[in-house]
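Observations on the model geometry
Each chain, written out:
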Amino acid sequence: MQPVVISIMGKDKAGIVDTIAKNVYQHGGNWQSSSFAHMAGMFTGFVEVQVPENRHEELVASLNGIADLSVQAVSLKNAQDSLSDTLTVEVMGNDKPGIVQELTSTLNQFNLNIVTFDSGCESAPNWGSLMFKAKAVVRVPEDFDEVRLQSALEALANDLVVDISTQM
């Protein structure tokens, strides 16, 4: 079996995930993990599957044949997920232009690899503005000083609340 990462994007409609799942199954694949979202009328996401090596090209051709859906697939040979410690970083504060760039730049300054990053804005009726929330899981080296990271993130804005938790 060969790992394949598939990204998709298309106009949102019922049955997209079912169609992809049927294609994976029909080509002898096993669904490993996925993440999907609805954004501005579009449905987008990515899937990791295991597919017999000799069926990969058939699967990609089949997925590319789905109407109104943009599909990109990448096969990975000898894919290994390096085992290292991770931290979950949750941030909340007033929304402002550039907040994601500031957060990711700070993570990059500490040479941290972002494993997942989810963000969004919610109405904050008591504050009269949008509230930005983000959650990132980052890989960290052994003996990483998370206190320095928390201080650096909190220094980005006086209203930014930062919560860091450890995952081993």
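Structure: see above.
Residues numbered from 1 in each chain as written. Predicted model: local features only at pLDDT ≥ 70, side-chain atom pairs only at ≥ 80, totals over all residues. Heavy atoms only, no water.

1. A word on the overall build of the protein chain
The secondary structure content of the protein chain amounts to 4 helices and 8 strands. Listing the helices and strands of the protein chain from first to last along the sequence gives β-α-β-β-α-β-β-α-β-β-α-β. For a compact globule of 168 residues, the expected C-alpha radius of gyration is about 15 Å, and the protein chain comes in at 19 Å, more than 25% above that figure. Considering only C-alpha atoms, the protein chain reaches an extent of 55 × 40 × 20 Å along its principal axes. Relative to its 168 residues, the protein chain shows a buried fraction of 32%. In the protein chain, once contacts between residues fewer than 6 apart in sequence are set aside, the share between residues at least 24 apart is 71%. (Helix = DSSP H or I, 4+ residues; strand = E, 2+ residues; numbered from the N terminus. Rg over C-alpha atoms; globule rule 2.2 N^0.38 Å. Buried < 20%, exposed > 50% of the residue type's maximum accessible area, 1.4 Å probe, protein only. Contact = heavy atoms within 4.5 Å.)

2. Focus: empty space enclosed by the protein
One pass over the structure, following the stated rule, counts 1 cavity of 30 Å³ or more. In this model, the largest cavity occupies a volume close to 60 Å³. Val89, Val91, Leu103, Leu107, Phe117, Ala134, Lys135, Ala136 and Leu153 together form the lining of the largest cavity. Among the secondary structure elements, those contributing two or more residues to the lining of the largest cavity are β5 (85-94), α3 (99-109) and β7 (129-140). At 3 residues, β7 tops the list of elements feeding residues into the lining of the largest cavity. The residue inventory of the lining of the largest cavity, partitioned by class, reads 8 nonpolar, no polar and 1 charged. (1 Å grid on protein atoms, 1.4 Å probe; cavity = no way out; pocket = protein on both sides within 12 Å on 5 of 7 lines; lining within 4 Å. Points joined across faces, edges and corners; volume = space filled by probe spheres on them. Nonpolar A, V, L, I, M, F, W, Y, C, P; charged D, E, K, R; others polar.)

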